[in-house]
Amino acid sequence: MNKIISKLIFVCIAWTIASTAYADPDKDQTVLGDYFKNRFPGVALEEYANGAYSFDSIGRESWEAIEEFPPYEIFVDDGQEMWETPFANGKGYKDCFANGPAIAQNYPHWDKKKSMVMTLPLALNNCREANGEKPLKYKKGSINNLLSYVTFQSRGNKTNVVVPKDDAGAMAAYEEGKAFYFTRRGQLNMSCASCHIQNAGNMIRSENLSMSMGHTTHFPVYRSKWGTVGTLHRRFTGCNKQVRAKPFKAQGQEYRNLEYYLTYMSNGLELNGPGARK
Amino acid sequence: MNKKSKSLLSIASALLISASLSTSAVMAKEGSEEGSNALEEGKNLAFTRKKGNCLACHLIIGGISPGNIAPPLVAMQQRFPDKAVLRAQIYDASKNNSETMMPLFGRYEVLTKDELDKVVDYIYSL
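We now turn to the structure provided with this report. Computed from a predicted structure; not experimentally measured.

## What about the interface of chain B and chain A?
Line of reasoning, step 1. The interface is formed by 23 residues belonging to chain B together with 21 residues belonging to chain A.
Line of reasoning, step 2. Here chain B packs against chain A, burying approximately 1,700 Å² in sum over the two surfaces, 48% of which is carbon and sulfur.
Line of reasoning, step 3. Counting across the chain B and chain A interface gives 0 salt bridges.
Line of reasoning, step 4. Put simply, chain B and chain A have 10 residue pairs in polar contact (both at pLDDT 80 or more) between them.
Line of reasoning, step 5. Along the lines of polarity and charge, the residues of the side of chain B that touches chain A split into 11 nonpolar, 7 polar and 5 charged.

See the structure below:
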């Protein structure tokens, strides 16, 4: 019975994508939250930040064991060193981010001047380039150290993405991100929502599918499969490839708008990154 | 094949026939072997991640750690008296359910026609 209700509500969520005349991000979050509440009656909302471990008790045990000696710790330390080491011109990240390093909760945000979604990795690279340094790569490598440090320092702050309703550009970016999430892609013809909304809590082979809410709270993430820490856009790339879709460019407009929508859905949840996952 | 082995073969087959084995028995034997080989192929196609990967979502008896997204594939002939209906489901699952999670194996050419036929035969044998 619950399954039938879930299915009906899922169809409704998908339908609102096509039918709403203008976006209402708060309503989107409420509808999605109610859907998951119905699907996961025993799971508290704060637990969503722990992904599949919020309902997979077997996976949770080994995850908790891993968290006792966090594999991302060394990345946090290396990131701190990067943050504190001045650029060749004598300035540093501190000069770009006056409130740093605990700033992850402010990203992504709508940059009115640039008329685009500004993410944390992009802002960090803008800082580097403004000071004559080469930008870092967006999926692998040392950007993950910096992100690990900033994210670790931001732990406990609440996700607080703002979509200014009076800004048509921001609303359009949000809508595009949302549409991306529900669009089927690839030869296997699945959307992000097919797995992380429609089938959240189910098992695809031996993987527990996590719910979309809470997906952004713990990035960058240490993945045993990667053997290192990787960015959110690296994860997007992987999930696109799984369905044989061509991935988009990390930090390109598509993934930035996707991040804008997805992070908004986690508004109110505490940041708990870096995370550790299979 | 060179001339020598060709002639060896023809001698061998001549011997087989002249050994008064019933030709129909030989054919029946070959037929069933071919049949079970084709079923085995269908099974491999259904199980392999790069092809059918049916186990990602369906329980199939004999398959290890199946997902639980979709109904178990058991008692197929009772549930699908008409094999064509089964084939249509695997060819294009969106015809029955526009919100389906199941890949459109035929329509999106995840499987070739030949592969699809083999998978259908195998699933029908369950």
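## Quick look at the sheet that holds strand E7 (residues 275–277) of chain A
Residue and element names in this part refer to chain A.
Line of reasoning, step 1. Strand order in the open sheet formed by 3 strands is E6-E5-E7, with mixed pairing between adjacent strands. The open sheet has two edge strands, strand E6 (228–230) and E7, and neither has a second partner. Within the sheet, the average angular offset between the axes of one strand and its neighbour, ignoring direction, is 35 degrees.

## Re a negative patch on the surface
Residues and elements named next belong to chain A.
Line of reasoning, step 1. Together, Glu-73, Asp-77, Asp-78, Glu-81 and Glu-84 give the surface a local cluster of negative charge.
Line of reasoning, step 2. Within the fold, Glu-84 resides in helix H4 (residues 73–84).
Line of reasoning, step 3. Judged by relative accessible area, which is 41%, Glu-84 ranks as partly exposed.

## Section: the pattern of salt bridges
Line of reasoning, step 1. Across all of its chains, the model carries 14 salt bridges over all chains by this definition.
Line of reasoning, step 2. With its nearest N and O atoms 3.1 Å apart, the salt bridge here joins Arg-107 of chain B to Asp-92 of chain B. Taken together, the residues Arg-107 of chain B in the loop between helix H4 (83–91) and helix H5 (113–124) and Asp-92 of chain B in the loop between H4 and H5 connect sequence positions 15 residues apart.
Line of reasoning, step 3. A salt bridge links Asp-114 of chain B to Lys-118 of chain B; its shortest N-O distance comes to 3.1 Å. One end of the pair, Asp-114 of chain B, and the other, Lys-118 of chain B, are both in helix H5, 4 residues apart, so they sit about a helical turn from each other.
Line of reasoning, step 4. Taking relative accessible area as the criterion, Asp-114 of chain B reaches 45% and is therefore assigned partly exposed.
Line of reasoning, step 5. Here the residues in one salt-bridge network are Asp-28, Glu-175 and Lys-178 of chain A, joined through shared partners.

The rules behind the values
Here, residues in each chain are numbered from 1, in the same order as that chain's written sequence. Lettering of chains starts at A and numbering of ligands starts at 1, both following the order in which they are written. Residues qualify for local features only when their pLDDT is at least 70, as the model is predicted, and side-chain atom pairs are given and counted only at 80 or more; totals for whole chains, interfaces and linings, by contrast, use all residues. Note that the side-chain values use all heavy atoms of the structure and ignore hydrogens as well as water. Two residues qualify as a contact provided that any one of their heavy atoms is within 4.5 Å of a heavy atom in the partner residue. Accessible area, probed at 1.4 Å, shrinks when two parts are joined; the buried area is that loss added up over both. When a carboxyl oxygen of Asp or Glu is within 4 Å of a side-chain nitrogen of Lys or Arg, the pair counts as a salt bridge. Any pair of N or O atoms that falls within 3.5 Å is considered a polar contact. Within protein, one atom must be able to donate a hydrogen and the other to accept it, and sequence-neighbouring residues count only if both atoms are side-chain atoms. Any residue outside Ala, Val, Leu, Ile, Met, Phe, Trp, Tyr, Cys, Pro, Asp, Glu, Lys and Arg is labelled polar, Gly included; the first ten of those are nonpolar and the last four are charged. Strands are labelled as partners when DSSP assigns at least two bridges between them. Under the scheme used here, helices are H or I runs from DSSP no shorter than 4 residues and strands are E runs no shorter than 2 residues, and both carry numbers assigned from the N terminus. Helix axes are fitted to C-alpha atoms over the stretch in contact, other axes to C-alpha atoms as well, and angles between N-to-C directions run from 0 to 180 degrees. Each patch groups residues whose relative accessible area exceeds 30% and which form no salt bridge, using 9 Å between like charges and 5 Å between nonpolar side chains of Val, Leu, Ile, Met, Phe, Trp and Tyr. For the accessible areas, the method is Shrake-Rupley and the probe is 1.4 Å, while residue cover comes only from the protein chains on display. Under the convention used here, Asp and Glu are negative, Lys and Arg are positive, and both His and the chain ends fall outside the count. Lys charges are placed at NZ, Arg charges at CZ, Asp charges at CG and Glu charges at CD. To sort residues, take the accessible area from a 1.4 Å probe on protein chains only and compare it with the maximum for the residue type: under 20% means buried, over 50% means exposed, and anything in between is partly exposed.

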